[in-house]
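These are the residues of each chain, in order.
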Amino acid sequence: MDTKLGPVRDIVTKAGKHTKRCEVKLLDETCQTFPLVLWNEELVNFAQSWSSKSNVIFVADVKVTFDDFRKGMIATATSKTIFTVNPDTREAHSLYRYAQSVDIGEEDNGPVTDADNNIDLNTITEICNIQQIKTKQAARGDGSNANYAITYAYLTAFNIDDNPEIIISRRCNKCRRRVDNQTGACTNQNCPCGYLTDENHDIDVDVDMQFDTAVNISDVYGTLESCRIGGSVVETMLGCSVADFLKYNNSQRTQLKWKYLLEKCKLYVKVFIPTFDRPRPMTRILSCDLADPQEAVKFLQ
């Protein structure tokens, strides 16, 4: 099943030959993202008719190799590869139904999802230091799993007062993808509310604004950089909504920042296992509160 068609790139080989390349992300019941690389203009043009989660692709005779950069396997189409789109078989129909039932993550780190908000923090009991979280990040998987942990750490970067716009994410209420700040249009070409084109400049996009930024957390074992934090987690920390925050002056925003910056915090985190599609590790903070000194003292020596 095709889940995402990457951009078409013009490539010049070492022999000076001009060709095209694009990458397709595939899924089935065993793996939520597996890259298939297409070379040459004919194959690339053929793939442009595929729509995300709408086409079942039967692929025969591809070359499978280990990619050192992604630390995982990838497939590459060759002159022997055969494609059959939407085969009328029981397995294909079953795969199509499965694809419609799963939620495929976004590339841009995504917004804080309902799934994140609905996690019962009481079920997270494992306590880790920063080095142990980094070890979890170094694991490799198919993207279907994430690890959860509690950590006691200092918030060592929390830049919310220089430019408030950089911590605000504008999302389309229909598809939850980012909205272009200049045009106000959804950046998702398949969005049901429409996508900005040269012929269509009057798209009315229902926009949802939420906090979405990156912070650094540190303990004696190291620093975990660019942890994502946003949505209701930041609203609870700051005690205000996005609309109220944008009304504050720089001094007021700085006062809010120093309530947490360089303070001992108790954090619940979600550690995403790197995937073929997102080879860089990512950690999302699900909750951040000032730590009780007696509770945290044995973890922050």
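All of the points below concern the structure found in this document. (Residues numbered from 1 in each chain as written. Predicted model: local features only at pLDDT ≥ 70, side-chain atom pairs only at ≥ 80, totals over all residues. Heavy atoms only, no water.)

Bringing the overall build of the protein chain into the picture now. Within the protein chain, the regular secondary structure consists of eight helices and 14 strands. Relative to its 301 residues, the protein chain shows a buried fraction of 42%. When contacts within the protein chain are restricted to residue pairs at least 6 apart in sequence, long-range pairs at least 24 apart make up 63% of them. Summing over all exposed atoms, the protein chain offers an accessible surface of approximately 16800 Å²; the carbon and sulfur share of this is 47%. (Helix = DSSP H or I, 4+ residues; strand = E, 2+ residues; numbered from the N terminus. Buried < 20%, exposed > 50% of the residue type's maximum accessible area, 1.4 Å probe, protein only. Contact = heavy atoms within 4.5 Å. Areas by Shrake-Rupley, 256 points an atom, 1.4 Å probe, with all protein chains shown as cover.)

Within the structure shown, the criterion is met by eight salt bridges. In this structure, the salt-bridge partner of K266 is E295, at a minimum N-O distance of 3.0 Å. Note that K266 is positioned in strand β13 (residues 264-272) and E295 in helix α8 (residues 293-296), a separation of 29 residues in sequence. Overlapping salt bridges, with partners in common, bring together R21, E23 and K25 in one network. (Salt bridge = Lys/Arg side-chain N within 4 Å of Asp/Glu carboxyl O.)

Here helix α7 (residues 250-257) has its buried residues at R253, L256 and K257. The arc that holds every buried residue of α7, seen down its axis, measures 100 degrees, which confines them to one face. Against the buried residues of α7 lie α5 (232-238) and α6 (242-247). Measuring from the side-chain oxygen of the N-cap residue of α7 to the backbone nitrogen of S251 gives 3.1 Å; that N-cap residue is N249. (Arc of directions from axis to C-beta. Polar contact = N/O pair within 3.5 Å; in protein donor to acceptor, adjacent residues only side chain to side chain.)

To continue, consider helix α4 (residues 130-137). Looking at α4, one finds that the buried residues are I130, I133, K136 and Q137. The arc that holds the buried residues of α4, viewed along the axis, is 115 degrees, so those residues lie on one side. Those residues of α4 hidden inside the fold are in contact with β9 (146-157), β11 (207-219), β12 (222-230), β13 and β14 (282-290). Capping the start of α4, N129 holds a side-chain oxygen 3.1 Å from the backbone nitrogen of Q131, two or three residues further along.

Purely geometric numbers; function is a separate question.
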